[in-house]
Number of protein chains: 2
Amino acid sequence: MDTELGVVLVSGGLDSCVTAAIARQDHELAFLHVNYGQRTEAKELRAFHSIADRYGVTQRLTANISYLKMIGGSSLVDPALAVETGPSSSQGVPSTYVPFRNAHLLAIAVSWAEVIGAGSIFIGAVEQDSAGYPDCRPSFFDTFSRLVREGTKPETRITIETPVINLRKKEIVTLGTTLHAPLHLTWSCYRDSELACGRCSSCLLRLKGFRDAGIADPIPYAVPV
Amino acid sequence: MDTELGVVLVSGGLDSCVTAAIARQDHELAFLHVNYGQRTEAKELRAFHSIADRYGVTQRLTANISYLKMIGGSSLVDPALAVETGPSSSQGVPSTYVPFRNAHLLAIAVSWAEVIGAGSIFIGAVEQDSAGYPDCRPSFFDTFSRLVREGTKPETRITIETPVINLRKKEIVTLGTTLHAPLHLTWSCYRDSELACGRCSSCLLRLKGFRDAGIADPIPYAVPV
């Protein structure tokens, strides 16, 4: 196959699903899912495999970095810390920040990409909707790209692609719909319930994105939204 | 305690043991060990705890990143690839290179350091004796330091310390002996045998270091050395 191989970090959420839809336009896909002991891992893993099935992706890697749960420091992995309800604060770093998380995700993606010969890594990081996550900024990914050049074999060429980093949720929803991304298979909620709660900051952000885009969110919620 | 807390990456080998001896001169210590599915993990973990016991280190974290074994690509973790016998080649990247390994080790150290409030991370990387490992060069660690500034909370200050990076093995042995580092507790061999093999590139490098330093290696070997 002449198409370049690209590793896509697929959490199972909306942003990474749309990122995969973008990547597949001109890449053969390999899907990487990272389990870091977050509350909603089972839901996210199911979404990961559903999206991979939909796109016929056979190269899949699931990496467990549950040591992040041992390290703690985030309400996403530490039961002692409460998940904030309502919109993300625009001030400071939210409690859902997992210390340096994207460095772990990218390091795994780089190691895998180097071994399977992928030339690109796609990550669905979003700066504007992730206010306060220091490892979601373009400058973080730029520095990581330099690190990849420094820390891999001389012949290795791997670029870090963040195709949705400058988009708002509304634009991601619109783009995903245009690309026929399987948004109905995604999971965004921070709580581990049967249905998405519709109340946590992640649900509210997602719902606002669909509303602003004028598109109905295809997933069911536990409460009227 | 007024002494700053420092996270030391302790593999159980010679270089990290001497690095710990350096760090403890002016830091309270927290020890981090990373298991990445390498052949000799049991030996290394035993060495890690022995060194931690010797130094009275109570904050210990063992992180499992065995996904590196799934990823493969290195003779250290992939049984299908042979470990080279004899001195490391000065040309190219050796088969024992684990793709981008030090990025994983440092990412874990940074997450832990941010949560426990450590201001320094010590890693026993050695450039000259690790010819061909791209992630052992000072430029890699400099770039990683920039990444830490970009990817952690604004108030977080963590420096990456590589106190033995410019030393030769002979100098590391001499320094460790001067600092009374427990070198007899370390494990360097790439093979998983009862005693160190004395034949792999890591054993040969270690033995030459002791010989050049004029100091007897305190560990037993399977063959006369």
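Predicted model only: the values in this text are computed from it and were never measured.

**Student:** How should helix α6 (residues 169-178) of chain A be read in this particular structure?
**Tutor:** Given 3.6 residues to a turn, an α-helix orients residues that are three or four positions apart in the same direction. Residue and element names in this part refer to chain A. Inspection of α6 places K169, I172, V173 and G176 among the buried residues, and these make up the whole buried set. Across the axial projection of α6, the buried residues extend over an arc of 100°, all falling on one side. Buried residues belonging to α6 abut α1 (14-23) and α7 (201-213). Immediately beyond the C-terminal end of α6, within one or two residues, lies H180, with a positive phi of roughly 60°.

**Student:** Please explain the interface of chain B and chain A as it appears in this structure.
**Tutor:** Many authors give the size of an interface as the accessible area that is lost as the parts come together. Counting residues at the interface gives 36 residues for chain B and 36 residues for chain A. Of all the secondary structure elements, the ones that give two or more residues to the side of chain B that touches chain A are β3 (60-64), α3 (67-71), α4 (101-116) and α5 (138-151) of chain B.

**Student:** Just to check I follow, could you spell out the packing of α1(A) against α6(A) for this structure?
**Tutor:** Two numbers describe a pair of packed helices, the interaxial angle and the distance between the axes. Residues and elements named next belong to chain A. Axis separation between α1 and α6 bottoms out at 9 Å; the angle between their running directions is 45°. Our classification of the angle between α1 and α6 gives oblique. Two packed elements cross with a definite hand, and for α1 against α6 that hand is left-handed. Contacts from L14, D15, C17, V18 and A21 in α1 reach I172, L175 and G176 in α6. Its residues placed into classes, the contact of α1 with α6 shows six nonpolar, one polar and one charged.

**Student:** Whenever I open this one, the sheet that holds strand β5 (residues 159-161) of chain B confuses me. Can you help?
**Tutor:** Where strands meet in a sheet, backbone hydrogen bonds hold them as pairs that are either parallel or antiparallel. All names here are of chain B. One open sheet holds the five strands; their spatial order is β3-β2-β1-β4-β5, and the pairing between them is parallel. Looking at strand neighbours, the two that pair on one side only are β3 and β5, the edges of this open sheet. This sheet shows a mean twist of 25° between the axes of neighbouring strands, independent of strand direction. Where strand β1 (residues 5-9) lies against strand β4 (residues 120-122), three bridges are found, and the strand directions are parallel. In the strand pairing of β4, V7 is matched with I121. Across the sheet, helix α1 (residues 14-23) is in contact with β1, β2 (28-35) and β4; its angle to β1 comes to roughly 170°.

Definitions and cut-offs
- Residues numbered from 1 in each chain as written.
- Chains lettered and ligands numbered in written order.
- Predicted model: local features only at pLDDT ≥ 70, side-chain atom pairs only at ≥ 80, totals over all residues.
- Buried ≥ 20, exposed ≤ 12 C-beta atoms within 10 Å, placed from the backbone.
- Helix = DSSP H or I, 4+ residues; strand = E, 2+ residues; numbered from the N terminus.
- Arc of directions from axis to C-beta.
- Contact = placed C-beta atoms within 7 Å.
- Axes fitted to C-alpha atoms, helices over the stretch in contact; angles between N-to-C directions.
- Parallel < 35°, antiparallel > 145°, perpendicular 65-115°, else oblique.
- Left-handed = near helix turned anticlockwise from the far one by under 90°.
- Nonpolar A, V, L, I, M, F, W, Y, C, P; charged D, E, K, R; others polar.
- Pairing = 2+ DSSP bridges.

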